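Understanding the architecture of this molecule
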Amino acid sequence: MSKEKLGDLAGRMGKAPKGLGTGMKLLAAAAALGYGVQQAMYTVDGGHRAIIFSRIGGIQDSIYTEGLHFRIPWFQYPIIYDIRSRPRIVSSPTGSKDLQMVQISLRVLHRPNAMMLPRMYQHLGLDYDERLLPSIANEVLKSVVAKFNASQLITQRQQVSLLIRRELTERAKDFNVILDDVAITDLSFGKEYTAAVEAKQVAQQEAQRAQFIVEKAKQERQQKVVQAEGEAQAARMIGEAISENPGYLKLRRIRAAQSIARTISQSQNRVYLNAGSLMLNLGEEDLKASAEGLKKK
């Protein structure tokens, strides 16, 4: 085969089919368009808000709600805030009015003010809770706790909590942060104060116990006095009854005989008693003599 034929064959194989270059260009243009459209769209989820940062004008004043939104790729990008309430625990050691160290912890439900997000981003950024809440919480806790004694922090805990909540809420408003709830979750004192409180409680319990013993002794004494007065009155009434009616003594002896007979009847042994043992000798001369003597008296 000649050199001319070989050159002609190589030229034909190196040439691309007609229309292939145009198709590749269209495919590349479609891919670029799809990527641009994708980069131009962004979604704001429920419970979130978005603001736009522009490379030309900086933070924009517009606030975007939930849904699909558009932006200019590369020139603009969204900054998304979570505006739902989130809890945070803040702890602070502080001193009370009587110079006792108190370890107090707060649970704070916070969220950003959705209408002030551009200004909030400029001053605090996305991590506003890390920058803001510990500092203002410590400030408010120290100012409020210093108004109460250690014992008042326990007995007036609800009042202390309301005061902390009011002052902390007002302080957070200066930074466009909304506090939905503030509650005291832990309140503890130093070891020395805890030991002093326990000793005081033990002393109070001992004093109450001693007071109870004294009151019990008084009640027992009063009971004995009343019992003695009752027995004296009963003896006087019995004496009056015997003196007025000698037959009362016979009636008492009959009842005594019934009680003796009832007790012996329940015994398994057989016992024989005469009238004297059963106190039924009601006709004896000594009984009549004693009755006559009581009547004369």
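All residue numbers refer to position in the chain's written sequence, counted from 1. Per-residue local features are limited, in this predicted model, to residues with pLDDT of at least 70; the limit for side-chain atom pairs, both in listing and counting, is 80 or more; totals at the level of whole chains, interfaces and linings are taken over all residues. Hydrogens are left out, water is left out, and the side-chain values use all remaining heavy atoms of the structure.

Some thoughts on the sheet that holds strand β5 (residues 76-82)
Strands pair, by our definition, only if DSSP identifies at least two bridges between them. Segments assigned H or I by DSSP are reported as helices when at least four residues long, segments assigned E as strands when at least two residues long, and all are numbered from the N terminus. With antiparallel pairing, three strands are arranged side by side in an open sheet as β3-β2-β5. Every interior strand has two partners, whereas the edge strands, β3 (58-64) and β5, have only one. When the angles between neighbouring strand axes are averaged without regard to direction, this sheet yields 30 degrees. Across four bridges, the pairing between strand β2 (residues 48-54) and β3 is antiparallel. The residue bridging A50 from the neighbouring strand is Y64, located in β3. Each axis is a line fitted through C-alpha atoms, taken for helices only over the stretch in contact, and angles between the N-to-C directions span 0 to 180 degrees.

What to know about the nonpolar core
Of all hydrophobic cores here, the largest spans 34 residues; its most connected members are L106, L153, I164, L168 and L179. For this core, the secondary structure elements donating two or more residues are β5, β7 (101-112), α3 (117-123), α4 (128-145), α5 (150-155), α6 (157-173) and β8 (177-189). Tallying contributions element by element places α4 first for this core, with eight residues. The contacts of L106, once residues within four sequence positions are left out, are R88, I89, V90, L141, I164, L168, V182, A183, I184 and T185. Nonpolar cores were defined as sets of buried Ala, Val, Leu, Ile, Met, Phe, Trp, Tyr and Cys residues, with membership established by side-chain atoms within 4.5 Å. Each residue is assigned to one of three classes by its accessible area relative to the maximum for its type, calculated with a 1.4 Å probe on protein chains only: buried under 20%, partly exposed between the two thresholds, exposed over 50%. Contacts are assigned to residue pairs with any non-hydrogen atoms lying within 4.5 Å of each other.

Regarding the pairing of strand β1 (residues 41-44)
Remark: a regular strand shows side chains that alternate across the two faces of the sheet. Side chains Y42 and V44 of β1 all project onto a buried face; the interleaved residues M41 and T43 project onto a face where none is buried. Where β1 lies against strand β4 (residues 67-70), four bridges are found, and the strand directions are antiparallel. Within the sheet, the bridge partner assigned to T43 lies in β4 and is L68.

Overview of the packing of aromatic side chains
Pairing of aromatic rings covers Phe, Tyr and Trp, the last counted by its six-membered ring, and requires centre-to-centre distances within 6.5 Å; plane angles under 30 degrees mean stacked, over 60 mean edge-to-face, and any other angle means tilted. On inspection of all chains with the given rule, the structure shows three aromatic pairs. A ring pair is formed by Y42 and Y64, whose centres lie 6.5 Å apart and whose planes are at 85 degrees; its orientation type is edge-to-face. In this pair, Y42 is assigned in strand β1 and Y64 in strand β3, connecting sequence segments 22 residues apart. Using a relative accessible area of 8% as the deciding quantity, one classes Y42 as buried. Overall, Y64 belongs to the partly exposed group, its relative accessible area being 27%. Counted as over-ring charges are cases with an Arg CZ or a Lys NZ within 6 Å of the ring centre that also lie within 35 degrees of the ring normal. Here R55 stacks its cationic end above the ring of W74, 4.7 Å away from the centre of that ring.

Concerning the environment of E139
Within the secondary structure layout, E139 lies in helix α4. Measuring from C-alpha to C-alpha, the distance between E139 and L168 comes to 8.9 Å, with 29 residues separating the pair along the chain.

Quick look at unusual backbone geometry
For W74, which is not glycine, the phi torsion reads 70 degrees and is therefore positive. Mapped onto the secondary structure, W74 falls in the loop between β4 and β5. With a phi close to 65 degrees, N176 is a non-glycine residue in the positive phi region. Mapped onto the fold, N176 is located in the loop between α6 and β8.

Observations concerning the pattern of salt bridges
For this document, the term salt bridge refers to a Lys or Arg side-chain nitrogen within 4 Å of an Asp or Glu carboxyl oxygen. Summed over the entire model, instances satisfying the criterion amount to 11 salt bridges. A salt bridge links R111 to D180; the shortest N-O distance between them is 3.1 Å. Note that R111 is positioned in strand β7 and D180 in strand β8, a separation of 69 residues in sequence. Residue D174 pairs with R171 through a salt bridge whose shortest N-O separation is 3.5 Å.

A look at the sheet that holds strand β6 (residues 86-95)
On the basis of which strands lie adjacent, the open sheet formed by three strands has the order β6-β7-β8 and antiparallel pairing. Of all strands in the sheet, those bounded by a partner on one side alone are β6 and β8. Neighbour-to-neighbour, the strand axes of the sheet open up by a mean angle of 25 degrees, direction not taken into account. Together, β6, β7 and β8 form the strand contacts of α4, whose direction differs from that of β6 by roughly 40 degrees. Running at roughly 140 degrees to β8, α6 makes contact with β7 and β8 of the sheet.

Regarding the confidence of the model for the protein
Confidence scores per residue from the predictor, reported as pLDDT, run from 0 to 100. On average, residues of the protein score 80 in pLDDT, and 77% of them reach the 70 mark or higher. When mean pLDDT is compared element by element in the protein, β2 scores highest at 94, while helix α9 (residues 285-296) scores lowest at 52.

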